[in-house]
Amino acid sequence: MPAFAADSWPTRPVRLMLGFPPGGSGDFVARALADDVGRLLGTTLIIENRPGAGSNLASEAVAHASPDGYTLLLGGSFSHSVNPALFAKLSFDPVRDFVPVTKVATLPTVFAVPQSLPVSTLQEFVTYARQQGDRVVYASAGVGSPGHIAGGYFNQAAGLSMLHVPYKGSAEAVRALLGNEVQLTITSPPSIMPFVKAGRAKALALTTPGRSVLLPGVPGSDEAGLANFNLTGWYGLFAPAGTPPQVVQRLHAAFTQALRQPSMVERLQGQGATPDASESPEAFARWAREDARQWYDVVKKSGATVG
């Protein structure tokens, strides 16, 4: 793209795509940021949900989009760390086809069960699941989602044989839990905690070793009796490879400024997410490469498959 065009960017609305339907944590994060980021850029940030194929449809669309700064991806641990290890073949390269801009937020996932299930702790659930065997079903937000991998990893760590049912997003998975169609979901705080507070579900533990000050009353995995279990999800901003450096820097500056505003910090933390902007696009790229290596081991140990 010519230098003068990059210097004048943006002159029209910018699309921010994500690979899950409305109602989940990614959708919440994207829409929480849209107004502030749009104002800082002097344009409108349009959120476009494109679910499917474990979020790969959205990733593919952005990977093949024009590198002009007008089509971006809210990806994360699922798109750039889990899926490359989980899927035998992808229609895009998560490294070559994207420019990392900044990490946006980190958040643990939560082991949650229906209010009617006769367990109150994670250890009680493990006992119950061992007795029930493959009659216990866990729901996730889709193939390749952190909940999918965490469930497979949980099976291995606790000696369980739960069956996995992927849904089209965390909102659908939570609805299945509330309707007693499944016995467990491992999902993000924004998706489940409102129902926990309303007494319709029980949060048994986090997928991180320690407690979170953002989720009082929910034990970490160590305290819950699941040692050496540590899975943290994250969201990050990516642009198509070839996007001009000036545009990448403006995006980084706008998202970083929005994420540091006290009102934004409070809003995200209220849903169990921690704003976590990267120091620079280069720092985010280095961090993402290391995270992908770590998730590769987790995916393989989990036994999770695309089936």
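The model shown is predicted, which means the values in this text are computed figures rather than measured ones.

Student: Would you mind going over empty space enclosed by the protein with me for this structure?
Tutor: Unoccupied space between atoms shows up once a probe the size of one water molecule is rolled over them. All told, the structure shown has two cavities of 30 Å³ or more when counted by the stated rule. By volume, the largest cavity is sized at about 230 Å³. Every residue lining the largest cavity is counted, 20 residues in all, and those nearest its centre are Ser-25, Ala-141, Pro-146, Ser-188 and Tyr-235. The dominant element in the lining of the largest cavity, judged by the number of residues it contributes, is strand β10 (residues 232-240), at three residues. Of the residues belonging to the lining of the largest cavity, the class tally is eight nonpolar, twelve polar and no charged. If you add up the space inside the second largest cavity, you get close to 30 Å³. Residue lining of the second largest cavity: Thr-109, Pro-146, Ala-150, Thr-207, Leu-231, Thr-232, Gly-233 and Trp-295, and that is the complete set. Secondary-structure elements contributing two or more residues to the lining of the second largest cavity are α6 (146-158) and β10. In the lining of the second largest cavity, the residues fall into four nonpolar, four polar and no charged.

Student: What's the story with the side chain of Thr-43 in this structure? I'm lost.
Tutor: Looking at the element boundaries, Thr-43 is found in the loop between α2 (25-41) and β2 (45-49). By relative accessible area, which is 18% here, Thr-43 ends up buried. The residues contacting Thr-43, other than those within four sequence positions of it, are Pro-10, Arg-12, Pro-13, Val-14 and Gly-38.

Student: Explain the environment of Gly-220 to me, please; I cannot follow it from the model alone.
Tutor: The residue Gly-220 is located in the loop between β9 (201-206) and β10 in this model. Taking C-alpha positions, Gly-220 is 24 Å from Arg-175, a pair spaced 45 residues apart along the chain.

Student: Help me out: how do you make sense of the sheet that holds strand β5 (residues 110-114) in this one?
Tutor: Taken in spatial order, the five strands line up as β7-β6-β8-β5-β9 in an open sheet, and their pairing is mixed. Each of the sheet's edge strands pairs with one partner strand only, and the pair in question is β7 (163-166) and β9. Recorded for the sheet is a direction-independent mean angle of 30° between the axes of neighbouring strands. Pairing of β5 with strand β8 (residues 184-187), which is carried by three bridges, proceeds in the antiparallel orientation. Within the sheet, the bridge partner assigned to Ala-112 lies in β8 and is Thr-185. On the sheet, helix α5 (residues 122-132) packs against β5, β8 and β9 and is oriented at approximately 105° with respect to β9. Lying on the sheet, α6 is in contact with β5, β6 (137-140), β7 and β8; it crosses β6 at an angle near 150°.

Student: Whenever I open this one, the packing of helix α4 (residues 77-86) against α6 confuses me. Can you help?
Tutor: Relative orientation and spacing of two packed helices are given, respectively, by the angle between their axes and the distance between those axes. Packing of α4 against α6 leaves a shortest axis separation of 10 Å and a crossing angle of 50°. If you check the angle between α4 and α6, you find them oblique. Judged by residue contacts, Ser-77, Phe-78, Val-82 and Leu-86 of α4 engage Pro-146, His-148 and Ile-149 from α6. In terms of residue class, the contact of α4 with α6 is built from five nonpolar, two polar and no charged.

Student: So what exactly am I meant to see when it comes to the pattern of salt bridges here?
Tutor: Close approach of charged atoms allows side chains of opposite charge to pair. Scanning the model with the defined rule gives nine salt bridges in all. Between Arg-31 and Asp-27 there is a salt bridge, with the nearest N and O atoms lying 2.8 Å from each other. Remark: Asp-27 and Arg-31 occur in helix α2; sequence separation between them is four residues, near one turn of the helix. On the basis of relative accessibility, which here comes to 9%, the residue Asp-27 falls in the buried class. Linking Arg-211 and Glu-223 is a salt bridge whose minimum nitrogen-to-oxygen distance equals 2.8 Å. Separated by twelve residues along the polypeptide, Arg-211 in the loop between β9 and β10 and Glu-223 in the loop between β9 and β10 bring together distant segments of the chain. Residue Arg-211 is classed as partly exposed on the basis of its relative accessible area of 48%. It is possible to trace a salt-bridge network through shared partners that takes in Arg-15, Glu-48 and Arg-50.

Reading the values: the criteria
- For every chain, the first residue of the written sequence is number 1, and numbering continues from 1 along that sequence.
- Residues qualify for local features only when their pLDDT is at least 70, as the model is predicted, and side-chain atom pairs are given and counted only at 80 or more; totals for whole chains, interfaces and linings, by contrast, use all residues.
- Hydrogens are left out, water is left out, and the side-chain values use all remaining heavy atoms of the structure.
- A pocket here means an open set of points on a 1 Å grid, computed over the protein atoms alone, that has protein on both sides within 12 Å along at least five of seven lines. A cavity is instead a set of points where a 1.4 Å probe fits but cannot get out; residues with an atom within 4 Å of a point line either one.
- Grid points are joined across faces, edges and corners, and a volume is the space filled by probe spheres set on the points.
- The way it works is that DSSP assigns letters per residue, a run of H or I at least four long becomes a helix, a run of E at least two long becomes a strand, and they are numbered from the N terminus.
- Each residue is assigned to one class: nonpolar for Ala, Val, Leu, Ile, Met, Phe, Trp, Tyr, Cys and Pro, charged for Asp, Glu, Lys and Arg, and polar for all the others, Gly among them.
- For every residue, the accessible area (1.4 Å probe, protein chains only) is compared with the maximum for its type, and the residue is labelled buried under 20%, exposed over 50%, or partly exposed between those bounds.
- The contact rule is simple, with two residues in contact once any of their heavy atoms fall within 4.5 Å.
- Two strands pair if DSSP finds at least two bridges between them.
- Angles run from 0 to 180 degrees between N-to-C directions of axes, and those axes are lines fitted to C-alpha atoms, restricted for helices to the stretch in contact.
- Any angle that is under 35 degrees is reported as roughly parallel, and any over 145 degrees as roughly antiparallel; angles of 65 to 115 degrees are reported as roughly perpendicular and all others as oblique.
- Counted as salt bridges are all cases of a side-chain nitrogen of Lys or Arg within 4 Å of a carboxyl oxygen of Asp or Glu.

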